[in-house]
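Residues per chain are reported as follows:
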Amino acid sequence: MAKQSSTFKSCIAIDTECPGLEVKRGVRPFAVSLCDGKASWCFTWRVDPVTRLVSPKKTDVAAINRLIKKYDNLIFHNAKFDVAMLATVSIDLTTEWDRIHDTALASHALDSREDFSRHRLKPLAKRYLGIPDTDEQYLQARTIEARGLAKKRGWTVDDDVKADYWMPGQIWPKDTALEEYATLDAERTFLLWVKALGPALVEQGLWAQYMKHRRIMPVISRMEDRGVTIRPKTLDLELTRINKIRDDAAAIAYSLVPKDLCSNINSNQQLAAALHTHLKLPVLYRTSPSSRFPEGQPATDSETIKELSTKCKKGSKAYKFVEAYRTYSKADTAATYLEGYKLRKIRRADGRWMLYPSFNICGTATLRLAASNPNPQNVGKGKELELDDGSTYIDFKLRTVFGPDDLSTWYALDYDQLQLRIFARASNEKVMQQAFTDGYDFHTWMGCMIYGVRPEDLTKLQRRVAKNVNFGYIFGAGQAKIEATSGVKGLSAQLKKMFPHVAEFMKETISKATQYGYVHTLGGYRLAIERKRAYAGVCIIVQGTEGEIVKEAMVQVDQLLQHYGDDFYMSLQVHDELIFNAKASQKKKHLPILCNIKRLMEEAGAFSGVTVIANCEENPVNWAEPIKLSL
């Protein structure tokens, strides 16, 4: 690791400009700019106007490689992306992570609030350095003008104007808008690190947390490069099945309300009219007042609709409509995800079909990872739930479309009720901690406490209520919300007596968040929070610590697996679950590797003072059909 005293000396900032974001689809940089504080360089390359393929000059690539070797520290904004793009043009920095710094990560360490635009390069340069973004505005105007001429010439024009930033220079050879823009981006990055963000980390005592967070970059980079295998035939079958469920549910919903009142249940206003005007259901919540809806409109989000279903008489017209809409909504969402997988799947040279998710290390207000293109964080376990009355609630098993190829098997290791274990430790509630020590499923344990029954007598509905109560605690639900969700009057008061430390912990957290504008994870990472949202402080602590533990586990496990190369590697992360791809022919060697992974995952919890358990499953067919393993 680079030492703190030397990281603001011998630095060069590097930035790339690309006609897209997806390296696996052949995207290559058309400009590379660099700045060391004394001088700046910009190399631009021709883009084929029809195929959009880039032709980098070998002499330029050699010059860039020579420049980079002269400096101890390489500064990027979103290093993971730029490193991947540079590698495609023979500028390989994938083994140089120890000397790479990232101004986006530094920004997150200083202020992790949910306004994620604050971590983008230009807003940061504007806020910290007073550098305006007029260069981009000018380049965009020139690009729009160039695109008009390009279409007349038969050139390929992208949907995104930014992807065509190379056009002005090729339409008008003397145009320098791209060079000026790219050069200034490298200068912005250099100055942000040396003059603003780097020194601020030191002054505010946040250098250590930045350096700890920084270790995840190469781990994510390797995971993104390998991608995750997908099963295209299963994908097509599942999409057909879910589309039918969606269409059937929509037909039922429309048959229960007048067409002139609700002809489009995707319209919040029409859905609200059906629920409250025609079916006479109560308005539970309203949207926040806005310029569009000054008085606020009836809320129609999924949680509100779920709660509304409890207000309906079973078998009534209102109940049938609400349940049909809930099924439609979930199926529509699932179909959207599957369509995204179908659109983005890529066939490799070895015949495997792959998805290559992009993980955003700074994409949440906590330390949890965000992901896109596609987002695997939305792929839940999708178990079908049997209700107490014998009916079933349909869920959608998106995991069936993911799985190993014919020569591999998958292993999934996930933490057992991690957020609840963190909450018990953070609140120092000994009763909760003892329940985990005694080996209880905490939702079952809570249900037994609430309803005064033995575990074997607890119904599925009662356990589900207890689960909602547990997570209501974590996510800051108030007394009314908890009692409405559980249907148990006086439950909030009962819980305060059962867990006195929890109430004190929540009160103290809100007070500190209001006073200071931040909270700390159990591992000590400072996370910013808007004072007006101090009520969410407990959630930020729990989810932040969860992200902290999972990232620590990923770093340690990645180091372990470097020895095995493509024979055994980490291919995916979903919340508190890690997925591994391993060669099936070497299955006899897998047990000791899995035992070490489990050990490292559990030790990662100890760094934050949380006693955790990691469970292991094998997925030899697909991700939705696990076989439990005892390690």
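Not measured: the values here are computed from a predicted model.

Trainee: So, the overall build of the protein: which residues are in play, and what are the values?
Mentor: Helix and strand counts for the protein stand at 22 helices and 21 strands. At 27 Å, the protein has a C-alpha radius of gyration in line with the 25 Å of a compact globule built from 631 residues. Over its C-alpha atoms, taken along the principal directions, the protein stretches across nearly 75 × 60 × 55 Å. When the 631 residues of the protein are sorted by exposure, 51% land in the buried category. Residue pairs in contact within the protein that sit at least 24 positions apart in sequence constitute 66% of those at least 6 positions apart.

Trainee: Tell me about the state of the cysteines, and please be specific about residues and values.
Mentor: Note: disulfide means a covalent bond formed between the sulfur atoms of two cysteine side chains. Applying the stated criterion across every chain yields a total of zero disulfides. Of all cysteine sulfurs, the one in Cys35 lies closest to Cys11, which takes part in no disulfide; the gap is 11 Å. Taking the relative accessible area as the measure of exposure, Cys11 reaches 4% and is therefore buried. For Cys35, a relative accessible area of 4% translates into the label buried.

Trainee: Account for the environment of Asp164, with residues named and values stated.
Mentor: As for its placement among the helices and strands, Asp164 is situated in the loop between α5 (134-153) and α6 (167-171). When the C-alpha positions of Asp164 and Pro49 are compared, they lie 9.8 Å apart, and in sequence the two are 115 residues distant. For Asp164, the contacting residues outside a window of four places in its chain are Arg52, Thr143, Arg147, Val157 and Asp158.

Trainee: An account of the sheet that holds strand β3 (residues 40-44) is requested, with residue identities and associated values reported.
Mentor: Remark on secondary structure: sheet strands pair via backbone hydrogen bonds, oriented parallel or antiparallel. The five strands are arranged β3-β2-β1-β6-β7 in an open sheet whose pairing can be described as mixed. A strand with exactly one partner marks an edge of an open sheet, and here the two such strands are β3 and β7 (100-102). Averaged over all neighbouring strand pairs, the angle between strand axes comes to 25°, with direction disregarded. Bridge count between strand β1 (residues 11-17) and strand β6 (residues 73-76): three bridges; the pairing is parallel. When the sheet's bridge partners are listed, Ala13 is paired in β6 with Ile75.

Trainee: So what's going on with the pattern of salt bridges? Residues and values would help.
Mentor: Applying the stated criterion to the full structure yields 39 salt bridges. Between Asp185 and Lys122 there is a salt bridge, with its nearest N and O atoms 3.1 Å apart. Highlighted residues: Asp185 in helix α7 (residues 177-203) and Lys122 in helix α4 (residues 121-129), separated in sequence by 63 residues. Given a relative accessible area of 13%, Lys122 falls into the buried group. Notably, a salt bridge pairs Asp135 with Arg188, separated by 2.7 Å at the nearest N-O pair. Remark: Arg188 occurs in helix α7 and Asp135 occurs in helix α5; sequence separation between them is 53 residues. For Asp135, a relative accessible area of 13% corresponds to the buried category. Within this structure, Lys122, Asp135, Asp185 and Arg188 form a network of salt bridges that share partners.

Scoring rules and cut-offs
Residues numbered from 1 in each chain as written. Predicted model: local features only at pLDDT ≥ 70, side-chain atom pairs only at ≥ 80, totals over all residues. Heavy atoms only, no water. Helix = DSSP H or I, 4+ residues; strand = E, 2+ residues; numbered from the N terminus. Rg over C-alpha atoms; globule rule 2.2 N^0.38 Å. Buried < 20%, exposed > 50% of the residue type's maximum accessible area, 1.4 Å probe, protein only. Contact = heavy atoms within 4.5 Å. Disulfide = S-S within 2.5 Å. Pairing = 2+ DSSP bridges. Axes fitted to C-alpha atoms, helices over the stretch in contact; angles between N-to-C directions. Salt bridge = Lys/Arg side-chain N within 4 Å of Asp/Glu carboxyl O.

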